[in-house]
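Listed below are the residues making up each chain.
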Amino acid sequence: MYGTLGAVELRVVDHPLVAHKLTHLREESTPSPTFRLLVAELVTLLAYEATRQVRVAPVEITTPVAPTTGTKLSEKPLAVPILRAGLGMLEGFTRLLPTAEVGFVGMARDERTLKPTTYAERLPHDLSGRQCYVLDPMLATGGSLAGCVNFLAERGADDVTCICILAAPEGIERVRALVDEAGIACTLVVASIDERLNERGYIVPGLGDAGDRLYGLAE
Ligand SMILES: O=P(O)(O)OC[C@H]1O[C@H](OP(=O)(O)OP(=O)(O)O)[C@H](O)[C@@H]1O
Ligand SMILES: O=c1cc[nH]c(=O)[nH]1
Ligand SMILES: [Mg+2]
């Protein structure tokens, strides 16, 4: 495990490709098929940063030329997309870590209270010792992400990395408070920290409702 228990290590990925793809993602004229492609590409770029500390171990192999010592992943990381919008990030993540296992949490926030309701959950019961990677494109009030991280901590996870495309300062603070309370190690990898939340809890300038832009307008 790495990182300090009870603290959030925040990494904002600063790369021209990330900036370019994020700009296209934000444009309201970008249609869902392109939006989906861009989310997958951005996640792969962010996951490269987010998996810097993924656990590996030495292994003896033989090349066509000679035996040598190599390095391989020493366990199966657990990806946890937060449905719906987090599902749009799964393919980009598993492309980089094809051996990752996947757990699911479905959360929808009430548009009036901004409180998240959990409507689906398929997670291993015991997460002790597992490296978990939570996927959600948006960190707004932090209610959804904090709720999900708490789910994982309750199952014994103590090494959680969250990959979000956009984060509001309010949401980062909410996650910091949860992580401090849960006493776990948490890394937060984002493409951008945006300005603020508006009165409806949307990130400004943001990109709109990620789930709607990925999958079409909500019912
Ligand atoms: O930080 P918060 O204030 O909790 O907001 C962030 C959440 O809001 C959106 O989900 P939404 O509830 O709209 O459901 P969806 O993913 O199905 O669109 C987004 O996908 C995040 O999960
Ligand atoms: O801007 C926002 C805030 C919450 N959820 C979204 O999908 N977008
Ligand atoms: Mg969501």
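Residues numbered from 1 in each chain as written. Chains lettered and ligands numbered in written order. Predicted model: local features only at pLDDT ≥ 70, side-chain atom pairs only at ≥ 80, totals over all residues. Heavy atoms only, no water.

In the nomenclature of an unreviewed UniProt entry, the chain corresponds to Uracil phosphoribosyltransferase from the organism Propionibacterium ruminifibrarum. Database annotation for the chain, UniProt heading Pathway (unreviewed entry): "Pyrimidine metabolism; UMP biosynthesis via salvage pathway; UMP from uracil: step 1/1." (UniProt positions renumbered as here; feature names shortened; annotations may be inferred.)

Trainee: Tell me about the pattern of salt bridges, and please be specific about residues and values.
Mentor: Tallied over the entire structure, the rule returns 13 salt bridges. For R26, the salt bridge is made with D194, and the minimal N-O distance between the two is 2.8 Å. Linking R26 in helix 1 (residues 16-26) with D194 in the loop between strand 11 (185-193) and strand 12 (196-197), this pair joins segments that are 168 residues apart in sequence. One salt bridge in this structure joins E75 and R55, with 2.9 Å as the shortest N-O distance. Of this pair, E75 sits in the loop between strand 3 (67-73) and strand 4 (78-83) while R55 sits in the loop between helix 2 (32-50) and strand 2 (56-62); the two residues are 20 residues apart in sequence, bridging distant segments of the chain. Here the salt bridges do not stand alone but share partners, grouping E9, R11, E49 and R52 into one network. (Salt bridge = Lys/Arg side-chain N within 4 Å of Asp/Glu carboxyl O. Helix = DSSP H or I, 4+ residues; strand = E, 2+ residues; numbered from the N terminus.)

Trainee: Explain helix 2 residue by residue, including any values.
Mentor: Quick reminder: α-helices carry 3.6 residues per turn. Residues three or four places apart thus point the same way. Its 19 residues give helix 2 an end-to-end C-alpha distance of 26 Å, which sits within 8% of 27 Å, the value for a rise of 1.5 Å per residue. Every buried residue belonging to helix 2 is among F35, L38, V39, A40, L42, V43, T44, L46, A47, E49 and A50, and all of these are buried. (Expected span 1.5 Å × (residues − 1). Buried < 20%, exposed > 50% of the residue type's maximum accessible area, 1.4 Å probe, protein only.)

Trainee: Could you give me a rundown of the packing of helix 1 against helix 2, with the residues and numbers involved?
Mentor: Between helix 1 and helix 2, the least distance of the axes is 10 Å, while the angle of their chain directions is 155°. In terms of orientation, helix 1 and helix 2 fall into the roughly antiparallel class. Here helix 1 runs over helix 2; the crossing is left-handed. Contacts between helix 1 and helix 2 involve L17, V18, K21, L22, H24 and L25 from the former and F35, L38, V39, E41, L42 and L45 from the latter. Its residues assigned to classes, the contact of helix 1 with helix 2 shows nine nonpolar, one polar and two charged. (Axes fitted to C-alpha atoms, helices over the stretch in contact; angles between N-to-C directions. Parallel < 35°, antiparallel > 145°, perpendicular 65-115°, else oblique. Left-handed = near helix turned anticlockwise from the far one by under 90°. Contact = heavy atoms within 4.5 Å. Nonpolar A, V, L, I, M, F, W, Y, C, P; charged D, E, K, R; others polar.)

Trainee: Explain the site of ligand 1 to me, using residue names and the numbers behind them.
Mentor: As a structural note, the neighbourhood of ligand 1 is formed by 15 residues, with R84, R109, D136, T141 and S144 the closest of them. At 2.8 Å, a side-chain N or O of R109 approaches an oxygen atom of ligand 1. In the model, an oxygen atom of ligand 1 is placed 2.9 Å from a nitrogen or oxygen of the A140 main chain. Secondary structure elements with two or more residues in the shell around ligand 1: strand 6 (104-109), strand 9 (138-139) and helix 4 (143-154). Counting residues per element, the shell around ligand 1 draws most heavily on strand 6, which supplies three residues. Residues of the shell around ligand 1, tallied by class, amount to six nonpolar, five polar and four charged. (Near = heavy atom within 4 Å. Polar contact = N/O pair within 3.5 Å; in protein donor to acceptor, adjacent residues only side chain to side chain.)

Trainee: So what's going on with unusual backbone geometry? Which residues, and what values?
Mentor: For the bond running from L83 to R84, omega is -5°, close enough to zero to count as cis. The topology assignment puts R84 in the loop between strand 4 and helix 3 (87-96). Cis rather than trans, the peptide bond between V204 and P205 has omega equal to 0°. Inspection of the secondary structure assignment puts P205 in the loop between strand 13 (203-204) and helix 6 (210-215). Within the chain, L114 stands out as a residue other than glycine whose phi angle is a positive 65°.

Trainee: Report on the UniProt feature "binding site: uracil" (unreviewed entry) in the chain, specifying residues and quantitative values.
Mentor: UniProt records the feature "binding site: uracil" (unreviewed entry) at I203, G208, D209 and A210, using the numbering of this structure. Following the sequence through the fold, I203 ends up in strand 13. Not counting residues up to four positions away in its chain, the partners in contact with I203 are M138, L139, A140, L166, A168, D194, R196 and L197. Checked against the element boundaries, G208 lands in the loop between strand 13 and helix 6. Assessed through its relative accessible area of 35%, G208 is described here as partly exposed. In this view, G208 contacts M138 and Y202; residues no more than four positions away in its chain are not counted.

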